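Structural characterization, general
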Amino acid sequence: MTRATLAGAAAGIGDGPGPPEPGGVPALLTRGGERRGGVPQRGDLDRESEQLLLHVVRAVADATHAGDPYMSGHSSRVAAHCEQIADSLGLGERDRLLLALAAAFHDVGYLSTPTYILRKPSVLAEDEMEEVRVHPVRGAALFAGDPILAEVARAIRHHHERFDGSGYPDGLRAEAIPLFSRIILVAETYDAMTHHRPYRRALPPEEALRRMQESAGSQLDPELVKHFLAIVGAEAVGR
Ligand SMILES: [Fe+2]
């Protein structure tokens, strides 16, 4: 699957382009609902159709890690956790939709990363690390050309920024990091820790949550960690 195909799948969430907007932003949907910033609002698509399309988006996004036994399903699991956090935060429909797209495609930039680097069981060399660090930029570039997807591109670009400013690619800190990016990092961190990697075994959910608590305020947004602990912590206890 080409990168263009993946980006097209994310953009193709409507019946096709409507008439151009005054600011040059095309309308995705024109079926009677309100639109804000060119993004469809509730009433444009009913919830069932939207869910169906988002599941298609997740399935396509999982092609990012196709054939990688360690990362299989990572994109859709991260998207599912982001949906839980969006519920907990009470985000509006527009934000939920944009977050769902960004979460599904957050790692799409890995499509151009050499497989030997992604599956290397030992410590990466500096040039290999550079190749890994560029994946948020590459992923964002796929969406940056479409004004409707600008927030999706931004969310993807910054999903490895750390709350204390020591992340990449731009070293943003705290609230300067887009909210969607901070949410994705919480979800991705949990999924990464609770699944096997070539260099370590999966951690039990309780241990992963404990480590996330430790990195609240340094790596992760402490408020979002609280929300995530409330959601997933309750699930882990109820298993
Ligand atoms: Fe990533």
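Residues numbered from 1 in each chain as written. Predicted model: local features only at pLDDT ≥ 70, side-chain atom pairs only at ≥ 80, totals over all residues.

What to know about the overall build of the chain
When helices and strands are counted, the chain shows 11 helices and two strands. The linear arrangement of helices and strands in the chain, starting from the amino end, is α-β-β-α-α-α-α-α-α-α-α-α-α. Residue pairs in contact within the chain that sit at least 24 positions apart in sequence constitute 57% of those at least 6 positions apart. (Helix = DSSP H or I, 4+ residues; strand = E, 2+ residues; numbered from the N terminus. Contact = placed C-beta atoms within 7 Å.)

Considerations on helix 7 (residues 135–143)
When helix 7 is considered as a whole, its buried residues turn out to be His135, Pro136, Gly139, Ala140, Leu142 and Phe143. Looking down the long axis of helix 7, one finds its buried residues gathered within 150 degrees of arc, a one-sided arrangement. (Buried ≥ 20, exposed ≤ 12 C-beta atoms within 10 Å, placed from the backbone. Arc of directions from axis to C-beta.)

A word on the environment of Glu83
With respect to the helices and strands, Glu83 occurs in helix 3 (residues 74–89). Given 19 C-beta atoms within 10 Å, Glu83 falls into the partly exposed group. Separated by 100 residues in sequence, Glu83 and Ile183 place their C-alpha atoms 9.6 Å apart.

Description of the confidence of the model for the chain
Across the chain, the average pLDDT comes to 82, with 79% of residues at 70 or higher. In this model residues 1–34 is a low-confidence stretch, pLDDT under 50, and it forms 59 contacts with partners more than four residues away in sequence or in other chains. (pLDDT = per-residue confidence, 0-100.)

Details of the packing of helix 7 against helix 8 (residues 150–157)
Running from N to C, helix 7 and helix 8 point in directions that differ by 175 degrees, and their axes come no closer than 8 Å. The orientation of helix 7 with respect to helix 8, classified from their angle, is roughly antiparallel. Every residue of helix 8 that contacts helix 7 at Pro136, Val137, Gly139, Ala140 and Phe143 is listed here: Val152, Ala153, Ile156 and Arg157. Of the residues in the contact of helix 7 with helix 8, the class split is seven nonpolar, one polar and one charged. (Axes fitted to C-alpha atoms, helices over the stretch in contact; angles between N-to-C directions. Parallel < 35°, antiparallel > 145°, perpendicular 65-115°, else oblique. Nonpolar A, V, L, I, M, F, W, Y, C, P; charged D, E, K, R; others polar.)

Examining the nonpolar core
Across soluble globular proteins, you tend to see nonpolar side chains buried next to one another. One finds Cys82, Ala102, Ala103, Ile184 and Val186 to be the most contacted residues of the largest nonpolar core, which totals 45 residues. Elements supplying a minimum of two residues to this core: helix 2 (47–61), helix 3, helix 4 (93–104), helix 7, helix 8, helix 9 (179–193), helix 10 (205–214) and helix 11 (222–237). With residues near it in sequence (within four places) discarded, Ala103 still touches Val78, Ala79, Cys82, Ile184 and Ala187. (Core = buried A, V, L, I, M, F, W, Y, C linked by C-beta atoms within 7 Å.)

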